[in-house]
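# Descriptive structure summary
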Amino acid sequence: MNLANFLQLAINGISNGTSYALIGVGFGLILGVSGRFHIAFAITYTLAAYVAAMLTTWYGWPFWLAVLASALAAALLGVLMDRLVYLPLSLRALQVGTDPLLIMFVASLGLVVIGRNAIALAFLSQSSMNIAGFSNSGVNVGPVTITTLNMVMVAVSWALILLLAAVLNYTALGRMIRAVRANWEMSLCIGIDPSRIFLVVFAIGSFLSGVAGVFQGTLTSATPDMGLPPLFYALVVAFVAGLTSSPIRVALLGLALGEVEALSSLFLPTQFAPLVVFAILFTYVAMRPVKLADLRRSFSRRKPQAAAG
Amino acid sequence: MEVRNGGRGFGLTRKEMLAGLGSAAAMAGMSGSARAAQLAQIAELIGVDAKHSGKGLTFDIGMSAPVTGPAGIFGSHVTDLPKLAFSHIEAMGGPKFNLILKDNKSGDPQAGVQSVRELGFAHVPMMLTSEVADLAAELTGIKQYKIFSLDGSGGTSLFGQHRSYFWGTIAITPNDAIPGVVKYMLKAMPGAKKISFCGWDLGGLSDAVEDDAQRYFQGTNFVLGANERSKMGATDYSANIQKIKSSDCDVVWAIVYAEDIGYFMKQYSTSGINKPVFTFSNPVAAQQIAGPAYNGIYLAFDLFDPKVPSNPWSKFFVDEYTAHVSSTVPPENYGANTYEDTFIFWQCIMRVLKAGGNPKDGVQLDAALRKNPKFPSLYGGSSSAVGEIEFDLETHSVKHRPMMIAQYQNGKVEQKAHFDIGGADFKMLG
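Residue numbers run consecutively from 1 along every chain, following the written order of its sequence. By the order in which they are written, chains take letters starting at A while ligands take numbers starting at 1. Per-residue local features of the predicted model are confined to residues with pLDDT of at least 70, and side-chain atom pairs are confined, for both listing and counting, to 80 or more; whole-chain, interface and lining totals are unaffected and use all residues.

All right, on to the overall build of chain A then. We count a stretch as a helix when DSSP gives it H or I for four or more residues in a row; a strand needs E for two or more, and each element gets its number in order from the N terminus. Along chain A, the regular secondary structure elements total 13 helices and two strands. Taken against the 2.2 N^0.38 rule, which gives 19 Å for 309 residues, the C-alpha radius of gyration of chain A at 20 Å falls within 12% of a compact globule. In terms of overall dimensions, chain A has a C-alpha envelope of 60 × 45 × 35 Å along the principal axes. Whether two residues are in contact depends on their C-beta atoms, placed from the backbone: they are in contact if these lie within 7 Å. At a minimum sequence separation of 6, the contacts of chain A that also span at least 24 residues come to 77%. Taken over C-alpha atoms, the radius of gyration is set against a globule rule of 2.2 Å times the number of residues to the power 0.38.

Shown next, in the form of structure tokens:
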């Protein structure tokens, strides 16, 4: 094994893993608290990259202002998705006594299809868009090269993850979110409106997806399909870490996933690296089989007696 | 009165020609006489047979292109080219064409199969296809429905050769360019020894590229360093690049296409490696993605130079493209091939009509090509004669093709060497 190779791949793993961490935390927060299987997370991720590309290339906005605006746009879209699609469907499911799990999943899948194609149609003349305003360059540190973009992305992402952890642990809002995550029906009894908390977690989770999307778009470019591969990683991170885990635990798992994936290139052909991630999920599911009833209880939160039982 | 085309014996009546040219000039909104004269000259040069030109007929022509998906920019670009050709053909006294466009969704095999099936159900006799008939997904349908098909963006490659009704009108990428690249490196990079690859993982096709390269490395000092493979559509090349870096190579061959080469270069430029990179296409989308990171890359592929058109037809094509298709994106070889392919269809139609056959039968159109595999071309030629494209009846690919090595710098391409398929007639420039 070549030490330089190992170190460089480990560095690559940190940047990739941090990206997985950020989207895993965002996706996990939405899933764990609201029970919405929000795979349209891929669309907020993609939209943010396109918004940043438009703002920086068409309107000349400074990069960081565009990052903020794009992430806010992603947050707004996430909130709208919950308010306009998930909430009405959820209420309808409760009215007719149907399990909302599958309904949410199908609705979210529909949002992915619509969102992806809407973006592709809107930007038909250009299949990808670059995000301008960030001058990326390589910095040599001994035998390894670190790019300025990766350094910034890692710093910003971990700052956001730690901030979220602090909010969840030390603020009133965080306590309300955790209360709803634990049992939204019980939270009603102490005056918390779960639907508002759902909006908050959709905003936070989508904001995080937006930040991740903008960084990925800067590294490569914004494309209509760019949100789908990260969704897979977000799913793996959220499931393996656990839906009620703290953001730090989820993020560390994302980081570990990135490292395992990157370092697997030492032993496997590079193109097989994503399979390692799939193998991790497969192994996890095999070792800790998820019962459908548990999933339903966790996602739908409408059978507290079953949860108690 | 007929305008004769030398010894070919094809002719076009002056009346027919002027009628057609007048309408084309009016459509173009430019000086009628100048354009009409140009069209008349082209018609003569390419040997239009007025008696069997198909005037008054209408043909359905299918097109399977990546309208959406990662290569969508390419698709939106090339779909304009047959339309440009249609207007010219009609102006030259030829038939009308009706384009039936199908989206292969950038290499989606299911979309490709569906496209060719729909074209087959519509009894379309001829079809413009791309990306080696959507990475071979369309070949079975092309054979089943007997659709005479030309591919000017992917050609036959190695896996699309000898296939019924399917012909490639571009050099095989990268295999046809490899000998020229090896010759160029021997002359221009005498210190280079180790070459690392990063290519799409296409299984046996990737092996064939490696075998070809190794074959041409024999007798030189070149050895293969890292041989990295990536999946099509990859955007993260960090692990591949690290392995290339650790191979301590002198030259990199990036055998990835479409937008992927843009992503590769974007990451390569910040990797700390400053070795020259060769690639085998020059997609506009990749240039846009990579931006300044694309500077310095060496390009080895078919030579279609819009700045120095090689014959009157290619000059006319460049002018018309600039006026009607895009004034910002210069025409490149993919667009030129698609335009030229439409004229090959017309030539086959004229031949079938002359033979008293049915030009709406893909089998007869295919037979017309087999009977005489030579056609006028935008490539090559001289100031007074169009070039010639000749198909290899065995492989179904082009027999000859002007090719080049060039270097990209800030949107400009500086040509470094010219050669033909297999490195023949290799010539350093400058």
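Looking only at helices and strands, chain B has 15 helices and 17 strands in total. Computed over the C-alpha atoms, the radius of gyration of chain B is 22 Å, within 12% of the 22 Å expected from 2.2 N^0.38 for a compact globule of 430 residues. For chain B, the C-alpha atoms occupy an extent of roughly 70 × 45 × 40 Å along the three principal directions. Across the 430 residues in chain B, those meeting the buried criterion constitute 58%. Partly exposed residues are those whose C-beta has more than 12 but fewer than 20 other C-beta atoms within 10 Å; with 20 or more the residue is buried, with 12 or fewer it is exposed, and the C-beta atoms are placed from the backbone.

This next bit is on the confidence of the model for chain B. All names here are of chain B. Values of pLDDT, ranging from 0 to 100, describe the predictor's confidence in every residue of the model. Considering every residue of chain B, the mean pLDDT works out to 88; 90% of them sit at 70 or more. Overall, residues 1–26 carries pLDDT values under 50, and its contacts beyond four positions in sequence, including any with other chains, amount to 58 contacts. Across the whole predicted complex the pTM is 0.82, and at the interface the ipTM reaches 0.81.

To continue, consider the interface of chain B and chain A. Opposite the 28 residues of chain B that make contact, chain A presents 28 residues. Every element with two or more residues in the side of chain B that touches chain A is listed here: α3 (72–78), β9 (223–230), α10 (238–246), α11 (260–268) and α12 (284–290) of chain B. It is α10 of chain B that provides the largest number of residues to the side of chain B that touches chain A, a total of six residues. Taken together, the residues of the side of chain B that touches chain A break down into seven nonpolar, 14 polar and seven charged. Classes in brief: Ala, Val, Leu, Ile, Met, Phe, Trp, Tyr, Cys and Pro nonpolar; Asp, Glu, Lys and Arg charged; the others, Gly included, polar.

Residues and elements named next belong to chain B. Each domain of chain B was delimited in the assignment, giving domain 1 (2–172 + 306–390) and domain 2 (178–305 + 403–428). Inter-centroid distance (C-alpha atoms) of domain 1 to domain 2 is 30 Å. Counting from both sides, the interface comprises 19 residues of domain 1 and, opposite them, 16 residues of domain 2. Taken together, the elements giving at least two residues each to the side of domain 1 that touches domain 2 come down to α3 and α14 (333–354). Here the residues of the side of domain 1 that touches domain 2 are counted per class, giving 14 nonpolar, three polar and two charged. All the domain ranges listed were derived from an automatic or database domain assignment.

A word on the pairing of strand β15 (residues 403–409) of chain B. Where burial is concerned, most of β15 of chain B is hidden: five out of the seven residues are buried. If you look at the hairpin formed by β15 of chain B and strand β16 (residues 412–419) of chain B, you'll find two residues sitting between the two strands, and Asn410 of chain B has a positive phi there, around 50°. Two strands are counted as paired when DSSP detects at least two bridges linking them.

A few words on the confidence of the model for chain A. Residue-level pLDDT values for chain A average 88, and 93% of them are 70 or greater. Ignoring residues within four places in sequence, the model shows residues 302–309 of chain A, a span with pLDDT below 50, making six contacts including any to other chains.

Turning our attention to unusual backbone geometry. Residues and elements named next belong to chain B. With omega at -5°, the peptide bond leading from Thr173 into Pro174 counts as cis. Within the element layout of this structure, Pro174 appears in the loop between β7 (166–168) and α8 (178–188). Of note, the phi angle at Ala136 is positive, near 75°, even though the residue is not glycine. Structurally, Ala136 is set in the loop between α6 (131–135) and α7 (139–144).

Moving on, we get to the sheet that holds strand β4 (residues 96–103) of chain B. Each strand in a sheet pairs with its neighbour through backbone hydrogen bonds, running either in the same direction (parallel) or in the opposite one (antiparallel). Residues and elements named next belong to chain B. One open sheet holds the five strands; their spatial order is β4-β3-β5-β6-β7, and the pairing between them is parallel. A strand with exactly one partner marks an edge of an open sheet, and here the two such strands are β4 and β7. For this sheet, the mean inter-axis angle between neighbouring strands, taken without regard to orientation, is 25°. Bridge count between strand β6 (residues 148–151) and β7: three bridges; the pairing is parallel. Directly across from Ser149, in β7, lies its bridge partner Phe166. Only the stretch in contact is used when fitting a helix axis, every axis being a line fitted to C-alpha atoms; angles between N-to-C directions are given from 0 to 180 degrees.

The subject of this paragraph is α11 of chain B. In terms of burial, α11 of chain B is a largely internal element, nine of the nine residues being buried. Of all the residues in α11 of chain B, the buried ones are Asp260, Ile261, Gly262, Tyr263, Phe264, Met265, Lys266, Gln267 and Tyr268 of chain B.

By this rule the span expected of a helix is its residue count minus one, scaled by 1.5 Å. Its 23 residues give helix α4 (residues 100–122) of chain A an end-to-end C-alpha distance of 32 Å, which sits within 8% of 33 Å, the value for a rise of 1.5 Å per residue. If you check which residues of α4 of chain A are buried, you get Pro100, Leu101, Met104, Ala107, Ser108, Leu111, Val112, Gly115, Arg116 and Ile119 of chain A.

As a further point, take the packing of helix α5 (residues 148–170) of chain A against helix α6 (residues 172–182) of chain A. Residue and element names in this part refer to chain A. At a minimum axis distance of 5 Å, the contact between α5 and α6 shows a crossing angle of 80°. With respect to each other, α5 and α6 are oriented roughly perpendicular. Touching Val167, Leu168, Asn169 and Tyr170 of α5 are Leu173, Gly174, Ile177 and Arg178, all from α6. Class assignment for the residues of the contact of α5 with α6 results in five nonpolar, two polar and one charged. Throughout, the term roughly parallel applies to angles under 35 degrees, roughly antiparallel to angles over 145, roughly perpendicular to angles from 65 to 115, and oblique to all others.

Residue and element names in this part refer to chain B. Spatially, the eight strands line up as an open sheet ordered β9-β8-β10-β11-β12-β15-β16-β17, and their pairing is mixed. The open sheet is flanked by β9 and β17 (427–428), the only strands paired with a single partner. Relative to β15, strand β12 (residues 298–302) runs antiparallel, the two sharing five bridges. Bridge pairing in β15 links Tyr298 to Gln407. Here α11 sits on the sheet and contacts β8 (194–200), β10 (251–255) and β11 (277–279); the angle it forms with β11, its principal contact strand, is near 175°.

Before going further, it helps to spend a moment on the environment of Lys371 of chain B. Note on placement: Lys371 of chain B falls in helix α15 (residues 362–371). As a C-alpha pair, Lys371 of chain B and Leu393 of chain B span 22 residues in sequence and 9.5 Å in three-dimensional space.

The subject of this paragraph is the packing of α5 of chain A against helix α8 (residues 194–219) of chain A. For any two helices packed against each other, the geometry is given by the interaxial angle and the distance between the axes. Residues and elements named next belong to chain A. Between α5 and α8, whose axes approach to 11 Å, the crossing angle comes to 175°. As judged from the angle between their axes, α5 and α8 are roughly antiparallel. Residues Leu149, Met153, Val156, Leu160 and Leu164 of α5 lie in contact with α8, whose contacting residues are Ile204, Leu208, Val211, Phe215, Thr218 and Leu219.

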